[in-house]
Amino acid sequence: MSDKPVYVTQPYLPPLEEFIPYLEKIWESKTLTNGGPMHQQLEKELCEYLGVEHIALFNNGTIALLTALQALRVTGEVITTPYSFVATAHSLLWNGLQPVFVDIDPNTFNLDATKVEAAITSKTTAIMPVHCYGFSCDVEAIQTIADNYNLKVIYDAAHAFAVKDVGGSILRYGDLSVLSFHATKVFNTFEGGAIICPDAKTKKRIEQLKNFGYVDEVTVVAPGINGKMSEINAAFGLLQLKHIDKAIIRRKEISRRYTEALQDVKGIKVVAPPSGIEANCSYFPILITEEYTLSRDALYQKLKVNNIFSRRYFYPLISDFSMYRSMSSSAKENLPVANDVASKVLCLPIYPTLEDSAVDEVISIILNV
Ligand code: T4K
């Protein structure tokens, strides 16, 4: 049994002394928030690092999702996935929008593009897919449908920091992509988030919406919100960026170690990212099938008594929570793949400071039950 708890994730924290000079600068400038120098610098460095044109920083990913929907003036019904963190669908309800759940693809666990068209009605104005675990959606197929029906596409890309395909960052797809920089994410600013947008005009609108709708001292053009990232969060982001490459390399090593040990185990299915994707290894999901010695929940408990805290992301499905359950698209018959995957999935611990010995212990428990 592990002597210290092993969690599904732990934030990467650079050496504390490296953060002090950033704090000194903030103390000197006395600018704590409202788009100060750290904020501006982080925007610039993130655009370079991610290879995107425009980014608007936020205090968290959920407020960024809410704002993205406002920025594109989305109304009526929005097609989305039930297999995600609740924030995805909550952002729709908070905007008075109707989520319409569509089943997921059995390989990527993302919105099944072949089922989207059947869910479109005269009220549909947008699609909100999720790049779950940083596994990219079928972006081409989704865009074709969006173009045919004149729908907006907002990607919940909370898990997709630094994920690339052959053409570059997958954050370039859709009308907008929304990132989370929460403590549990590959790149964190304690709390934080961002919207990636294609043009300066959209970014301007997003900037207004995240600052109460202010355009200048005396003009308010929309009922905006306070979505601003503070200087201290931005400063931490700047420091994190210096360490991010080695953090992702370590995640990849852990992912390889798990994969080699578990890929041929009867009843365990290692879920690999789609081909052609440079993954960020933000999560390490496996499926526990009927052929395994224990049920998924029994394995989850078994790991827990050994001080290893895996997580069942994403069980329960969003569509099973009380505020969504009565919606017609939440019916189990409408979502067979999502229900099946949610009953089998287990995310194993993966984070940069996780030691090989801890990974081996997780593996050994799974192999020796
Ligand atoms: N869309 C998607 C697809 C998302 O996954 C999320 C967030 C969002 C939107 C919304 O973005 P934000 O508004 O959060 O920026 C966690 C996170 O709170 C949540 O951000 C994340 N998704 C979700 C998938 O996971 P919990 O309830 O599982 O977190 P918690 O507190 O149980 O943390 C998990 C483990 O991480 C802990 O057992 C220990 C470790 N941990 C956690 C924190 C917060 C630490 O070591 N240090 C920490 O500070 O939701």
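Structural data are supplied above this passage.
Presented here is a report on the structure given in the accompanying data block. (Residues numbered from 1 in each chain as written. Predicted model: local features only at pLDDT ≥ 70, side-chain atom pairs only at ≥ 80, totals over all residues. Heavy atoms only, no water.)

Comments concerning the overall build of the protein
Definition in use: Only DSSP runs of H or I covering at least 4 residues are called helices, and only runs of E covering at least 2 are called strands; the numbering of each starts at the N terminus. Radius of gyration means the value over C-alpha atoms here, while the globule rule gives 2.2 Å times the residue count to the 0.38 power. Partly exposed describes any residue whose relative accessible area lies between the buried limit of under 20% and the exposed limit of over 50%, with all areas from a 1.4 Å probe on protein chains only and scaled to the type maximum. Residues are treated as being in contact if the distance between any of their heavy atoms lies within 4.5 Å. Only the protein chains shown count as covering a residue, and every accessible area follows the Shrake-Rupley method with a 1.4 Å probe. In this tally Asp and Glu are treated as negative and Lys and Arg as positive; neither His nor the chain ends contributes. To locate a charge, take atom NZ for lysine, CZ for arginine, CG for aspartate or CD for glutamate.
Looking only at helices and strands, one finds eleven helices and 16 strands in the protein. A compact globule built from 369 residues would reach a C-alpha radius of gyration of about 21 Å, and the protein, at 21 Å, matches this within 12%. If one aligns the C-alpha atoms of the protein with their principal axes, the spans along those axes are about 65 × 55 × 40 Å. Here the protein, with 369 residues, has 56% of them falling under the buried criterion. Taking the contacts inside the protein whose residues are at least 6 apart along the sequence as the reference set, 71% of them involve residues at least 24 apart. Put simply, the protein shows about 16400 Å² of open surface, and 53% of that area lies on carbon and sulfur atoms. Side-chain charges in the protein split into 34 positive and 41 negative, and the spacing between the mean points of these groups amounts to 3 Å.

Focus: the sheet that holds strand S9 (residues 176-180)
The criterion, for reference: Note on pairing: DSSP must find at least two bridges between two strands before they are called paired. Axes, fitted as lines to C-alpha atoms, cover a helix only where it is in contact. Angles between the N-to-C directions of the axes lie from 0 to 180 degrees.
Pairing is mixed in the open sheet, where seven strands are placed in the order S2-S10-S9-S6-S5-S3-S4. Each end of this open sheet is capped by a strand with a single partner; those strands are strand S2 (54-58) and strand S4 (98-101). This sheet shows a mean twist of 25 degrees between the axes of neighbouring strands, independent of strand direction. In this sheet, S9 lies alongside strand S6 (residues 152-156) in parallel orientation, the contact comprising three bridges. Counterpart to Ile154 in the pairing with S9 is Leu176. Taken strand by strand, helix H3 (residues 61-71) contacts S2, strand S5 (124-128), S6, S9 and strand S10 (193-197), and its axis lies near 165 degrees from that of S9.

Digging into the pattern of salt bridges
What counts, and what does not: What makes a salt bridge here is a side-chain nitrogen of Lys or Arg within 4 Å of a carboxyl oxygen of Asp or Glu, nothing more.
Taken as a whole and assessed by the stated rule, the structure comprises 16 salt bridges. Asp103 is the salt-bridge partner of Lys115, the closest N and O atoms lying 3.9 Å from each other. Remark: Asp103 occurs in the loop between S4 and S5 and Lys115 occurs in the loop between S4 and S5; sequence separation between them is twelve residues. For Asp103, a relative accessible area of 1% puts it in the buried group. As a salt-bridge pair, Arg296 and Asp297 come within 2.6 Å of each other at their nearest N and O atoms. Owing to a relative accessible area of 33%, Asp297 belongs among the partly exposed residues under this scheme. Sharing partners across several salt bridges, the network here consists of Arg250, Glu253, Arg257, Asp356 and Asp360.

Digging into the nonpolar core
Convention followed: For our purposes a nonpolar core is just a set of buried Ala, Val, Leu, Ile, Met, Phe, Trp, Tyr and Cys residues, chained together by side-chain atoms within 4.5 Å. Note: domain ranges come from an automatic or database domain assignment.
Leu42, Leu46, Leu50, Ile79, Phe161, Leu179 and Phe181 are the most contacted members of the largest nonpolar core, which totals 52 residues. A per-element tally of this core places helix H7 (residues 231-262) first, with eight residues. Each of domain 1 (16-239) and domain 2 (244-368) gives at least three residues to this core. Residue contacts for Leu179: discarding those within four places in its chain leaves Leu50, Gly61, Ala157, Ala158, Ala160, Phe161, Leu171, Gly193, Ala194 and Ile196. Of all hydrophobic cores here, the second largest spans 27 residues; its members include Tyr258, Ile308, Tyr351 and Leu354.

As for the side chain of Thr108
On the secondary structure map, Thr108 appears in the loop between S4 and S5. Ignoring any residue separated from it by four or fewer positions in sequence, one finds Thr108 in contact with Phe135, Ser136 and Pro274.

Let's talk about the pairing of S10
Across the five residues that make up S10, a large majority, five, are buried. Neither face of S10 is exposed, since Gly193, Ile195 and Cys197 on one face and Ala194 and Ile196 on the opposite face are all buried. With five bridges joining them, S2 and S10 adopt antiparallel strand pairing. The residue of S10 that forms the bridge with Ala56 is Ile195. With four bridges joining them, S9 and S10 adopt antiparallel strand pairing. Residue pairing for S10: Val178 is matched across the bridge by Ile195.

Here's the deal with the site of the ligand
Here is the rule we go by: The criterion for a residue being near a molecule or strand is simple. One of its heavy atoms has to lie within 4 Å of it. Pairing of N or O atoms within 3.5 Å defines a polar contact, subject to two protein rules: one partner must be a possible hydrogen donor and the other a possible acceptor, and residues neighboring in sequence count only if both atoms are side-chain atoms. Amino acids outside the nonpolar list (Ala, Val, Leu, Ile, Met, Phe, Trp, Tyr, Cys, Pro) and the charged list (Asp, Glu, Lys, Arg) are all regarded as polar, and Gly is one of them.
Contacts to the ligand come from 25 residues, most closely from Gln10, Thr62, Asp156, Ser180 and Tyr313. In this structure, an oxygen atom belonging to the ligand sits 2.8 Å away from a side-chain N or O atom of Arg311. In the complex, 75% of the free accessible area of the ligand, which totals 910 Å², lies under the protein chains. Where the shell around the ligand is concerned, the elements lending two or more residues are H3 and helix H4 (87-94). Residues belonging to the shell around the ligand are distributed by class as follows: ten nonpolar, twelve polar and three charged. Two domains each provide a minimum of three residues to the shell around the ligand, namely domain 1 (16-239) and domain 2 (244-368).

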